[in-house]
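A closer look at the structure
Here are the chains, one letter per residue:
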Amino acid sequence: MGDKRQISMAVVRRLPKYHRYLLELIRNDVDRISSKELSDRIGFTASQIRQDLNNFGDFGQQGYGYNVKDLYNEISNILGLHANYNMVIAGAGNLGQAIAGYSNFEKEGFRVKALFDINPKLIGLSIRDIEIFDIDNLRNYLHDNKVDIGIICTPRVQAQKVADVMVKNGITAIWNFAPTDLDVPRGVIVENVHLLDSLLTLTYRVNEPKLLDYINKDPEEIVE
Ligand code: NAI
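Just so we're clear, the structure is a prediction, and the values are computed from it rather than from any experiment. (Residues numbered from 1 in each chain as written. Predicted model: local features only at pLDDT ≥ 70, side-chain atom pairs only at ≥ 80, totals over all residues. Heavy atoms only, no water.)

Here we take up the packing of aromatic side chains. Applying the stated criterion across every chain yields a total of eight aromatic pairs. Look at Trp175 and Phe177: their rings are 4.8 Å apart centre to centre, the planes differ by 70°, and that puts the pair in the edge-to-face class. Owing to a relative accessible area of 24%, Trp175 belongs among the partly exposed residues under this scheme. Given a relative accessible area of 16%, Phe177 falls into the buried group. Here the aromatic residues Tyr102, Phe105, Trp175 and Phe177 are joined through ring pairs into a cluster of three or more. Between Arg14 and the ring centre of Phe44, over which it is positioned, the NZ or CZ distance is 5.8 Å. (Phe/Tyr/Trp six-rings, centres within 6.5 Å; stacked < 30°, edge-to-face > 60°. Buried < 20%, exposed > 50% of the residue type's maximum accessible area, 1.4 Å probe, protein only. Lys NZ or Arg CZ within 6 Å of the ring centre and 35° of its normal.)

Here the focus is the domain arrangement of the protein. For the protein, the assigned domains are domain 1 (9-78) and domain 2 (85-195). Computed over C-alpha atoms only, the centres of domain 1 and domain 2 are separated by 32 Å. (Domains from an automatic or database assignment.)

This brings us to the side chain of Arg14. Locating Arg14 in the fold gives a position in helix α1 (residues 9-27). Arg14 gets classed as buried once you look at its relative accessible area, which sits at 17%. (Helix = DSSP H or I, 4+ residues; strand = E, 2+ residues; numbered from the N terminus.)

Next up on the list: the site of the ligand. Taken together, 23 residues lie near the ligand, and Leu95, Asp117, Thr154, Val193 and Leu195 sit nearest. Contact distances for the ligand include 2.9 Å between an oxygen atom and a backbone N or O atom of Asn94. Within the side chain of Gln158, one N or O atom sits 3.0 Å away from a nitrogen atom of the ligand. Relative to its unbound accessible area of 850 Å², the ligand is 75% covered by the protein chains. At the level of elements, α5 (94-101), β4 (110-117) and α7 (156-168) are the ones that each hand at least two residues to the shell around the ligand. Of the residues belonging to the shell around the ligand, the class tally is 14 nonpolar, seven polar and two charged. (Near = heavy atom within 4 Å. Polar contact = N/O pair within 3.5 Å; in protein donor to acceptor, adjacent residues only side chain to side chain. Areas by Shrake-Rupley, 256 points an atom, 1.4 Å probe, with all protein chains shown as cover. Nonpolar A, V, L, I, M, F, W, Y, C, P; charged D, E, K, R; others polar.)

It is worth spelling out the pairing of strand β7 (residues 149-152) at this point. By the alternation rule, side chains of β7 split into Ile149 and Ile151 and Gly150 and Ile152, which are all buried. In terms of strand pairing, strand β3 (residues 85-90) meets β7 through four bridges, oriented parallel. Pairing of Met87 across the sheet is with Ile149, part of β7. In this sheet, strand β8 (residues 173-176) lies alongside β7 in parallel orientation, the contact comprising three bridges. Bridge pairing in β8 places Ile151 opposite Trp175. (Pairing = 2+ DSSP bridges.)

Turning our eyes to something else, we now look at α1. For α1, spanning 19 residues, the distance from its first C-alpha to its last is 28 Å, which sits close to the expected 27 Å at 1.5 Å a residue. Contacts made by the buried residues of α1 are with β1 (32-33), α2 (35-42), α3 (46-54) and α4 (68-78). Within two residues after α1, Asp29 carries a phi angle of roughly 60°, on the positive side. (Expected span 1.5 Å × (residues − 1). Contact = heavy atoms within 4.5 Å.)

Before going further, it helps to spend a moment on the pattern of salt bridges. Where side chains of opposite charge bring their charged atoms close, a pairing between them can arise. With the rule as written, the count across this model stands at five salt bridges. The salt bridge involving Arg13 is made with Glu191; its shortest N-O contact spans 2.7 Å. In this pair, Arg13 sits in helix α1 while Glu191 sits in strand β9 (residues 189-192), placing the two residues 178 residues apart along the sequence. Its relative accessible area of 52% is what places Arg13 among the exposed residues. The shortest N-O distance in the salt bridge between Arg128 and Glu106 comes to 2.9 Å. You can see Arg128 sitting in the loop between β5 (126-127) and β6 (130-134) and its partner Glu106 sitting in the loop between α5 and β4, a full 22 residues away along the chain. On the accessibility criterion, Glu106 (36% relative accessible area) is partly exposed. (Salt bridge = Lys/Arg side-chain N within 4 Å of Asp/Glu carboxyl O.)

Now the structure itself:
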């Protein structure tokens, strides 16, 4: 039997951007687009776009380009957006509350159903009608409710413990904001989010001209 075809994570990480730009095109009543035009807007080369999409099927037509709505629907399906996802948040501090308070996730089918915390001052409060429960109730909640995604917004040192409870009680997808690498069994998918990585990329790019000047300088000009 041949090797199973895999999709590289680099391709996967570009898909949300296609999805976002195609939605924008739909909102602007654009029905079809060539890979060149899509490339100008999205910032990937036309051949990159063709290669990325060819991983999943034959979506474009020679001389026609892409049907925007069809491609958007295909990519939505590839991203699993044909389903709704129930989510719970562990850690109802600044970040947990901000995520629960952001209603736009619901437009894509992501619903925060409950928050969990250890702080008695928070337990019993609600964010947009989403209740904050005692973290000790997480296990029972996961038994009684269908939850697809666990979101971790606790301090770093608490994150593994919370992840263990989630995994033991059926969670197979974790969106982890705590700055730590979680240890989870095979089959459990963890997506780490690091806003700082993005900020550091920004500061790198701000500093890049100076850095390139320095790198490209004639070594004899560099005064130690
Ligand atoms: P915060 O201190 O406002 O909130 C943390 C909450 O977790 C508190 O309400 C606390 O009572 C609760 N908590 C502590 N232990 C818990 C447990 N065992 N179970 C349930 N809840 C528990 O902190 P903030 O600013 O909301 O940050 C939360 C986490 O997210 C931190 O780990 C922080 O480093 C991380 N963070 C990550 C970012 C990223 O880009 N990945 C950006 C900002 C914060």
